Amino acid sequence: MDIFRSGYSPWRNFDWRLFLAGLFLSLLGLLTVAATHNPAQLKRQIISLLVGLILFGVVSALDFRKFNRAAEILFGLAVFLLIVVLNLGQTVYGAQRWINLAGFTFQPAELAKLSMIFMLAKFFAQRQGKLDTIFAILPGFVLVGAPFFLIYKQPDLGSAVVLVVIFFLMAYWAGMKFSRLFMLTSPLLSILALYALPVYPLLSWGIYLALIFTALWLLHFPLLDSAIYFGLNFFSGLFSAFFWRSLSLYQRNRILSFINPDIDPLARGLRYHTAKSVIAVGSGGWGGKGYLQGSLTNLQYIPQQHTDFIFSVIGEEFGFWGSALTVILLFYLLNRLYVIARQSDDDFGRYLTVGILAFLGFQIFINIAMNIGLAPVVGLPLPFVSYGGTALIISWLSLGLAQSVCLHQRAIEL
């Protein structure tokens, strides 16, 4: 009530630049989806955008602190839906990721990303500056573990990795040192050293373990932490065959073909998607072939060109300048999220925004990188641009939460 008596309106803090960046990107997405010549998909994308904008407005008006109190409920709901999709979900292209209700499909993995950000924001707000040992970070790692495993089993390696990246960036913001974050990820490198390097795997693994041992000694890690980190590296390598074979065949092939392109020199099999995407981007030149004039797009030359490879459509039809404008808009949006996080006076709101920044930022980086051949294909959409109702709605919900942090942080000062 004090807010109204004082004439203060939280809407004065509305970040129009964040909203307009998201809106322009969504409109560019509609334009590009239309270029793939599927009217039904375009219609569904327009409906999803309208739903996303409505939810953005609703969530922006709510005080973000309400989600602090509801974090456990939302997280439990997301885990429940992930279990449901594993047992009753719809399978498309060999992956069981969608729940179909009365003709409307959605991906629980997208909701899981947002709900985990709520839980981690709560966790790091309570533990910031107290992350000096592996045991201090362990509860946060367990939080990531459950949804990670369920999403990995679908299989959806890309979305599972997104959860890990969100965790690491939020932990870094909370004061955890980079060296400790590296040691937490190092067991994955131990597996790759044995299975992904094309020459002398045992020798490579031995050298890798020696480097880890030296790093732990030089960085003066506590003895117990050093033993745990080295043990994790040793045993992950020892059981790497189990971990490696738990990946689907197509996932293993995508990683191997990215590391060693010589196993598919003509790009007719393992590197097919990436090679076609790179050709499409390059064929656009500086100015592009013109809207709806992309011959490769019109011929459906690139698989999944409306979702994971939509950036290749932008590259072909709008050229370098259109691609550059898209990248600038995306990074401008990320910069607005960074500014909101940095200026937030509430710990939960700050970590919430950092989690959203990590979630959208990593997907943007990986999607563009895999479209131009700089990252393996992992099936992540380009936020706000790619076709996909759940992803678009969750992206706008995320912006609504960041907007709420921006709008409501000063209300408590009055």
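Rules behind the numbers
- Residues numbered from 1 in each chain as written.
- Predicted model: local features only at pLDDT ≥ 70, side-chain atom pairs only at ≥ 80, totals over all residues.
- Heavy atoms only, no water.
- Pairing = 2+ DSSP bridges.
- Helix = DSSP H or I, 4+ residues; strand = E, 2+ residues; numbered from the N terminus.
- Axes fitted to C-alpha atoms, helices over the stretch in contact; angles between N-to-C directions.
- 1 Å grid on protein atoms, 1.4 Å probe; cavity = no way out; pocket = protein on both sides within 12 Å on 5 of 7 lines; lining within 4 Å.
- Points joined across faces, edges and corners; volume = space filled by probe spheres on them.
- Nonpolar A, V, L, I, M, F, W, Y, C, P; charged D, E, K, R; others polar.

Student: Tell me what's going on with the sheet that holds strand 2 (residues 95–101), and back it up with residues and numbers.
Tutor: Taken in spatial order, the three strands of this open sheet run 1-2-3, and their pairing is antiparallel. Looking at which strands have only one partner, the edges of the open sheet turn out to be strand 1 (90–92) and strand 3 (104–106). The average angle at which neighbouring strand axes cross in this sheet is 45°, direction not considered. For strand 2 and strand 3, the ladder comprises three bridges, and the chain directions are antiparallel. Its bridge partner lying in strand 3, Asn 100 is registered against Thr 105.

Student: Mind laying out the layout of surface pockets, listing which residues take part and the relevant values?
Tutor: Counted as a void, the largest pocket has a volume near 2000 Å³. Considering the residues around the largest pocket, the lining is formed by 50 residues, among which Phe 148, Val 161, Val 164, Thr 185 and Leu 188 are closest to the centre. Those elements giving two or more residues to the lining of the largest pocket turn out to be helix 7 (134–152), helix 8 (157–173), helix 9 (178–195), helix 11 (223–238), helix 12 (240–246), helix 13 (249–259) and helix 17 (347–371). Here the lining of the largest pocket takes 10 residues from helix 9, the largest share from any one element. Residues of the lining of the largest pocket, tallied by class, amount to 42 nonpolar, seven polar and one charged. Volume-wise, the second largest pocket comes out at about 1200 Å³. If you go around the second largest pocket, you meet 43 residues; those closest to its centre are Trp 98, Gln 107, Gln 304, Thr 307 and Tyr 387. Those elements that place two or more of their residues in the lining of the second largest pocket are helix 3 (39–61), strand 1, strand 2, strand 3, helix 8, helix 13 and helix 18 (389–408). Examining the composition of the lining of the second largest pocket, we find that five residues originate from one element, helix 3, more than from any other. Class assignment of the residues belonging to the lining of the second largest pocket gives a composition of 20 nonpolar, 17 polar and six charged.

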